[in-house]
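A structural walkthrough
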Amino acid sequence: MKKTSISSAVVIALASALALAGCKKHEETVVETTPPMTEPAPAAPVNEPMTPAEPAVTVSAVTVGNTAAADKAVMPMAMFSPKDKIIVSVKTEGAANDVKVDAKLSYQDGQVAGEQSAMLTTSGPETTNIEFSNPKGWPAGKYTADVMVDGKSVNMPHEFEVK
């Protein structure tokens, strides 16, 4: 009986060794078919409020006058004569490419007395002057000059009078 037990143990050990060798051989021939792991994209921050983009150009001053200096500065005036040229001067800060600057003159009854536009391209402080003239003469009364940059009011209306 002892012979049978030893031979059974040898057979079991031999079968185990073969099975182990077979498994190892099988692992070497396996080709990986799954793509390599990539790092996931970062998640969008949660609970951060959306803020509108700051405009590239801001208006620092609006002046109404009738004469521009060499540096485009306009001396402010509140009283004009009917034959005067009216200059709406818009001082801006910042950088811009082809930004529309609009100026509108409104008469005291709300009637539009004139509208002009200019395109602004700048990389720093700039003054844009928009001129209005009326060959027949400006009617006497009170006027308001309003300026818009890129379609948005700058909220700096200027009142003046023609006498």
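Residues numbered from 1 in each chain as written. Predicted model: local features only at pLDDT ≥ 70, side-chain atom pairs only at ≥ 80, totals over all residues. Heavy atoms only, no water.

Here we take up the nonpolar core. Of all hydrophobic cores here, the largest spans 26 residues; its most connected members are Ile86, Val88, Leu105, Phe132, Val147 and Phe160. Contributing elements (two or more residues each) for this core: β1 (57-65), β3 (86-94), β4 (96-107), β5 (112-122), β6 (126-132), β7 (141-149) and β9 (158-162). With six residues, β4 is the largest single contributor of residues to this core. Residues within four places of phenylalanine 132 in sequence aside, it is in contact with Lys85, Ile86, Val88, Ala103, Lys104, Leu105, Gly114, Glu115, Gln116 and Trp138. (Core = buried A, V, L, I, M, F, W, Y, C linked by side-chain atoms within 4.5 Å. Buried < 20%, exposed > 50% of the residue type's maximum accessible area, 1.4 Å probe, protein only. Helix = DSSP H or I, 4+ residues; strand = E, 2+ residues; numbered from the N terminus. Contact = heavy atoms within 4.5 Å.)

Locating threonine 128 in the fold gives a position in strand β6. Assessed through its relative accessible area of 10%, threonine 128 is described here as buried. Those residues within four positions of threonine 128 in sequence are excluded, and the remaining contacts are Val88, Ser89, Val90, Ala118 and Leu120.

What follows is about the sheet that holds β3. Read across the open sheet, the three strands follow the order β1-β3-β6; overall the sheet is antiparallel. Looking at strand neighbours, the two that pair on one side only are β1 and β6, the edges of this open sheet. Each strand of the sheet is rotated relative to its neighbour by a mean of 20°, with strand direction disregarded. As paired strands, β3 and β6 are joined by seven bridges and run antiparallel to one another. Bridged to threonine 92 within β6 is glutamate 126. (Pairing = 2+ DSSP bridges. Axes fitted to C-alpha atoms, helices over the stretch in contact; angles between N-to-C directions.)

In total, this model carries four aromatic pairs according to the counting rule given. For the pair phenylalanine 80 and phenylalanine 160, a centre-to-centre distance of 5.1 Å together with 70° between the ring planes defines the contact as edge-to-face. One end of the pair, phenylalanine 80, is in strand β2 (residues 79-80); the other, phenylalanine 160, is in strand β9, and 80 residues separate them in sequence. Like phenylalanine 80, the residue phenylalanine 160 is buried in the burial classification. Between tryptophan 138 and tyrosine 143 the ring centres are 6.1 Å apart and the planes differ by 80°, which places this aromatic pair in the edge-to-face class. Assessed through its relative accessible area of 4%, tryptophan 138 is described here as buried. For tyrosine 143, a relative accessible area of 2% puts it in the buried group. (Phe/Tyr/Trp six-rings, centres within 6.5 Å; stacked < 30°, edge-to-face > 60°.)

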